[in-house]
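# Structure at a glance
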Amino acid sequence: GNIKPTLDAVQGHLGLSDAELRKMVRRMPQIIGFSFEGNIKPTLDAVQGHLGLSDDELRKMVRSLPQIIGYSFEGNIKPKCDWLQQALGLDSAQLVELLQKQRVLLGMSLDKSLVPNLAFWRACFPELPDAELSAKVVGPNGPRQLAQSHGRLQERAALFDAQGIPRPLLWGKAAYTDERLEAWLAKRASASAEKLT
């Protein structure tokens with residue numbers, strides 16, 4: 001069938017080793033159904049051109065986020081890039097840096113996660129001017145806070161509200177498992193109980 005030519009073309013285009021190619025196919029088996037010239041190459045070229053990536057940077061991005069090959073550039077990737085740049089006031093180099101830190105941002109839904117998450121953090125830090133909030137989001141632990149499920153963020157905010165814990169303290173906890181967050185809450189509760197005695 002036409003599977004091998006597609007995979008050979010992807011491998012050649014990105015300069016992937018056999019192991020890297022196998023890993024990519026395992027993580028994104030539907031790539032087998034795509035046409036290299038029809039789907040894959042135009043998307044890769046558009047991403048590379050739009051973000052001004054070197055071949056090496058493009059290869060790294062695809063290696064860690066193979067799903068990017070299956071996205072439509074105009075319908076999916078470009079709107080997210082444009083929104084991130086505009087909402088966070090980034091130049092193209094800063095956008096690339098952000099996406100390299102947290103490539104899953106490209107896999108998140110703009111309407112269901114990214115936009116409401118940023119609005120959530122804006123509400124948590126009303127005293128921060130936009131530029132400072134943007135710097136926080138782009139900072140070392142920031143991208144993860146944006147790249148989490150909005151539903152999960154809402155559930156955790158409700159948990160904090162119920163215990164009278166200020167919502168800004170949710171910042172930096174996106175990577176916490178539920179167990180780790182519960183342990184953090186328990187520790188906090190016992191510390192404040194000690195203060196009262």
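Structural notes, computed from the coordinates. Fair warning: this is a prediction, and the values are worked out from it, not measured in the lab.

Attention shifts here to helix α10 (residues 150–162). Across its 13 residues, α10 extends 18 Å between first and last C-alpha, which sits within 8% of the 18 Å expected from 1.5 Å per residue. Among the residues making up α10, those that are buried are H150, L153, R156, A157 and F160. Buried residues of α10, seen end-on, are gathered within an arc of 120° and therefore sit on one face of the element. For α10, the exposed residues lying more than 90 degrees away from the buried face are E155 and A162.

Time to look at helix α6 (residues 92–101). Residues of α6 that are buried include every one of L95, V96, L98 and L99, and no others. For α6, the angular spread of buried residues about the axis comes to 160°, placing them on one side. Buried positions along α6 lie against α3 (36–51), α4 (55–64), α5 (73–88), α8 (130–138) and α9 (142–146). By the N-cap criterion, in which a side-chain oxygen at the helix start approaches the backbone nitrogen of a residue two or three places on, α6 is capped by D91, the distance to A93 being 3.1 Å.

The subject of this paragraph is a positive patch on the surface. Together, R22, K23, R26 and R27 give the surface a local cluster of positive charge. Counting through the fold element by element, K23 comes out in helix α2 (residues 18–27).

Rules behind the numbers
Residues numbered from 1 in each chain as written. Predicted model: local features only at pLDDT ≥ 70, side-chain atom pairs only at ≥ 80, totals over all residues. Heavy atoms only, no water. Helix = DSSP H or I, 4+ residues; strand = E, 2+ residues; numbered from the N terminus. Expected span 1.5 Å × (residues − 1). Buried < 20%, exposed > 50% of the residue type's maximum accessible area, 1.4 Å probe, protein only. Arc of directions from axis to C-beta. Contact = heavy atoms within 4.5 Å. Polar contact = N/O pair within 3.5 Å; in protein donor to acceptor, adjacent residues only side chain to side chain. Patch = residues over 30% accessible without salt bridge, like charges linked within 9 Å, V, L, I, M, F, W, Y side chains within 5 Å. Areas by Shrake-Rupley, 256 points an atom, 1.4 Å probe, with all protein chains shown as cover. Salt bridge = Lys/Arg side-chain N within 4 Å of Asp/Glu carboxyl O. Lys, Arg positive; Asp, Glu negative; His and termini not counted. Charge placed at Lys NZ, Arg CZ, Asp CG, Glu CD.

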